[in-house]
Amino acid sequence: MDNMFCYQCEQTAGCSGCTGSRGVCGKTADVANLQDVLTGALIGLARATTNAQPTKDTWHLMISALFATLTNVNFSAEDIETFTRRVHEETRRLVPDCGCCQNPCGHNDDYDMRKLWSAQEDIRSLKSLILFGVRGMAAYAHHAYVLGYEDETLSRFFAKALFAVGEDWGMEALLPLVLEVGEKNLACMALLDRANTETFGNPVPTQVPLTVEKGPFIVVSGHDLRDLKLLLEQTDGKGVNIYTHGEMLPAHGYPELKKHPQLKGNFGTAWQSQQKEFQNIPAPVLFTTNCLMPPKDSYADRVYTTSVVGYPGMQHIGKDKDFSSLIEHAIRLGGYPENQSFTGINGGTTVTTGFAANAVLSVAPQVIDAVKSGAIRHFFLVGGCDGAPGQKLLYRVCKKAPKDTVILTLACGKYRFNDLDLGTIGGIPRLLDIGQCNDAYSAIRIALALADAFHCSVNELPLSMVLSWYEQKAVAILLTLLHLGIENIRLGPTLPAFVSPNVLSYLAEHYHLAPTTTPEEDLQTLLGA
């Protein structure tokens, strides 16, 4: 196939786009181009839904296929081609007469993504924000769906957004839709929050050890709590321990998951270190969602995928969620002969998670009193996705934040600092891990509750946001914050390549969005010093 064009993640080559035979993330040009074909087919399906009767299966297919195009989710050309075939089949089912029409109008045709990549830069920028935003939102909708939670209004919005990407609309029509992505993503995160908490209980603060006990074990990465629950049920009484990895860490805070004694701790640090940390690991690793990196030979035979995750040659667990082969593999490998002590990036031996909205708001009176007394001067939401190993943006902000400030964090960027002991203020920990990236909804609930308590807007709170973005879920969250009118967000470590200068100027003018600079300069600006 031709060389690729992809600029949807923060690591994109030269901060402009991956255009060669392989992207920085590791996907080949063939896969990147097939993802474009799939996206074009999804736009065709979205067009077909406007004059047909889509079913729940239609929406689930659309959501799953969008999810498969996220960064570090699926590297398999065969999987992407299968999704495209299924999308075409569903389009034909919805509009069966199109295939034999003597005067084709083209209304339900696939969209050629090359038209988007070659569009005028501001149109391309706004359409990219819409497309990448709904890709991120699709991940959250998928997680809710597998737990039995769905919302047809949200499902129909995916079609509305995809339809718009394929139309020749101007900036005045596209800009409101960009913000509507943020609005609908807020509702989608609320749906997933309800799905998680009603299924697994409200998270509680939990200290998680980083030591791996001797004996067989399995490492579980990603975000899908249902997959983890099913694996825990299938390993009950088997003598196989389970360790979370990456964004699965917050699972330790959920009461229904904590009931399983074999959920022992957390293995490793942020996702981008997996190729080093999984070297010769005496255990299999299950990837339930992103972020999967191309496995090294030293552990490739131990990598399992499930759901929409895929990689050529890796063992895949299907819809039946029968993890017996994974469990048997763990038993054969045997694990470590003795307990192995590991540390976080900064040498800590434990990390703490579980400070979601319910946990934080349960001590709201103490927090409010601490603010009123001056004991807490400022709150920082320091979170998001982490990228290349050399990036230490979030770590430096946290280390340099004054001791009368509280840091709320979420997503995988927290591994830069979550093993640090930052102390407490009046019994309130200075570092509060809210959870996964989708738990930005909890952070929003906390901010809105504080604003209500102080009879002010969120923008008037002593609260600043320093966000590190990597992939498309971060785009969806950013658009949600903009939909809520939140200003003065610092975004880094680089700005998205798909945001044109004019669009960036608009965001800077209306929302005071700005790139991160140095921790010292950002803190000085945000604290009003």
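Look up: the structure comes first, before these words.
The present account deals with the structure reproduced in this document.

About the cut-offs
Residues numbered from 1 in each chain as written. Predicted model: local features only at pLDDT ≥ 70, side-chain atom pairs only at ≥ 80, totals over all residues. Heavy atoms only, no water. Helix = DSSP H or I, 4+ residues; strand = E, 2+ residues; numbered from the N terminus. Rg over C-alpha atoms; globule rule 2.2 N^0.38 Å. Areas by Shrake-Rupley, 256 points an atom, 1.4 Å probe, with all protein chains shown as cover. Lys, Arg positive; Asp, Glu negative; His and termini not counted. Charge placed at Lys NZ, Arg CZ, Asp CG, Glu CD. 1 Å grid on protein atoms, 1.4 Å probe; cavity = no way out; pocket = protein on both sides within 12 Å on 5 of 7 lines; lining within 4 Å. Points joined across faces, edges and corners; volume = space filled by probe spheres on them. Nonpolar A, V, L, I, M, F, W, Y, C, P; charged D, E, K, R; others polar. Buried < 20%, exposed > 50% of the residue type's maximum accessible area, 1.4 Å probe, protein only. Arc of directions from axis to C-beta. Contact = heavy atoms within 4.5 Å. Polar contact = N/O pair within 3.5 Å; in protein donor to acceptor, adjacent residues only side chain to side chain. Core = buried A, V, L, I, M, F, W, Y, C linked by side-chain atoms within 4.5 Å. Axes fitted to C-alpha atoms, helices over the stretch in contact; angles between N-to-C directions. Parallel < 35°, antiparallel > 145°, perpendicular 65-115°, else oblique.

**Some details on the overall build of the protein**
- Counting secondary structure elements, the protein contains 18 helices and 16 strands.
- Its C-alpha atoms give the protein a radius of gyration of 23 Å, within 12% of the compact-globule value 24 Å for 529 residues.
- Projected onto its principal axes, the C-alpha coordinates of the protein cover approximately 75 × 60 × 40 Å.
- Here the protein displays about 20,100 Å² of accessible surface, and carbon together with sulfur accounts for 50% of that area.
- Distance between charge centroids for the protein: 4 Å, based on 43 positive and 55 negative side chains.

**Let's talk about the layout of surface pockets**
- Taken as a whole, the largest pocket spans an internal volume of roughly 700 Å³.
- Considering the residues around the largest pocket, the lining is formed by 26 residues, among which Phe83, Arg86, Ser307, Val308 and Lys319 are closest to the centre.
- Elements with a minimum of two residues in the lining of the largest pocket: helix H2 (56–68), helix H3 (77–94), helix H5 (121–146), helix H8 (225–235) and strand E7 (315–317).
- In terms of residue count, H3 provides more of the lining of the largest pocket than any other element does, six residues in total.
- Of the residues in the lining of the largest pocket, the class split is six nonpolar, 10 polar and 10 charged.
- In this structure, the second largest pocket spans a volume of roughly 360 Å³.
- Along the walls of the second largest pocket sit 16 residues, with Asn33, Asp36, Val37, Asp112 and Arg114 positioned nearest its centre.

**Considerations on helix H11 (residues 324–333)**
- Among the residues making up H11, those that are buried are Leu326, Ile327, His329 and Ala330. Across the axial projection of H11, the buried residues extend over an arc of 160 degrees, all falling on one side.
- Contact partners of the buried residues in H11: strand E2 (217–221), H8, strand E5 (285–287), strand E6 (303–306) and E7.

**Description of the side chain of glutamine 472**
- With respect to the helices and strands, glutamine 472 occurs in helix H16 (residues 472–483).
- On the basis of relative accessibility, which here comes to 0%, the residue glutamine 472 falls in the buried class.
- Among the polar contacts listed, one links the side chain of glutamine 472 to the backbone oxygen of glutamine 8, at a separation of 2.9 Å.
- Every residue in contact with glutamine 472, bar those within four places of it in the chain, is listed here: Gln8, Cys9, Leu70, Thr71, Phe132, Arg135 and Gly136.

**Looking at empty space enclosed by the protein**
- This structure, assessed with the given rule, holds nine cavities of 30 Å³ or more.
- Estimates place the volume of the largest cavity at around 380 Å³.
- For the lining of the largest cavity, the per-class residue count stands at 32 nonpolar, three polar and no charged.

**Re the nonpolar core**
- With 145 residues, the main nonpolar core has Leu42, Met62, Leu129, Phe158, Ile218, Leu231 and Leu257 as its most contacted residues.
- Considering every element that reaches this core, the biggest residue donor is H5, with 13 residues.
- When near neighbours in sequence (up to four residues on either side) are disregarded, phenylalanine 158 contacts Met62, Ile63, Leu66, Val134, Met137, Ala138 and Ala141.

**A word on the packing of helix H7 (residues 171–200) against H16**
- Close contact between H7 and H16 brings their axes to 7 Å; oriented N to C, the two are set at 105 degrees. The orientation of H7 with respect to H16, classified from their angle, is roughly perpendicular. Across the interface between the two elements, Val178, Leu179, Val181, Gly182, Glu183, Asn185, Leu186 and Met189 of H7 pack against Ala476, Ile477, Leu479, Thr480, Leu482 and His483 of H16.
- In the contact of H7 with H16, the residues fall into nine nonpolar, four polar and one charged.

**Observations concerning helix H17 (residues 501–511)**
- For H17, the set of buried residues is Val503, Leu507 and Tyr511. Projection of H17 onto a plane perpendicular to its axis shows the buried side chains occupying an angular sector of 40 degrees, all on one side. Turned more than 90 degrees from where H17 packs its buried face, Pro501 and Glu509 sit exposed.
- Buried-residue contacts for H17 involve H5, H7 and H16.
- Downstream of H17 by a residue or two, histidine 512 has a phi angle that is positive, lying close to 55 degrees.

**Some thoughts on unusual backbone geometry**
- The omega torsion of the bond from asparagine 290 to cysteine 291 falls at 15 degrees, within 30 degrees of zero and hence cis.
- In this fold, cysteine 291 is placed in the loop between E5 and E6.
- Glycine 492 connects to proline 493 through a cis peptide bond whose omega is 0 degrees.
- Here asparagine 280, not a glycine, exhibits a phi torsion of approximately 55 degrees, which is positive.
- Within the secondary structure, asparagine 280 is located in the loop between helix H10 (274–277) and E5.

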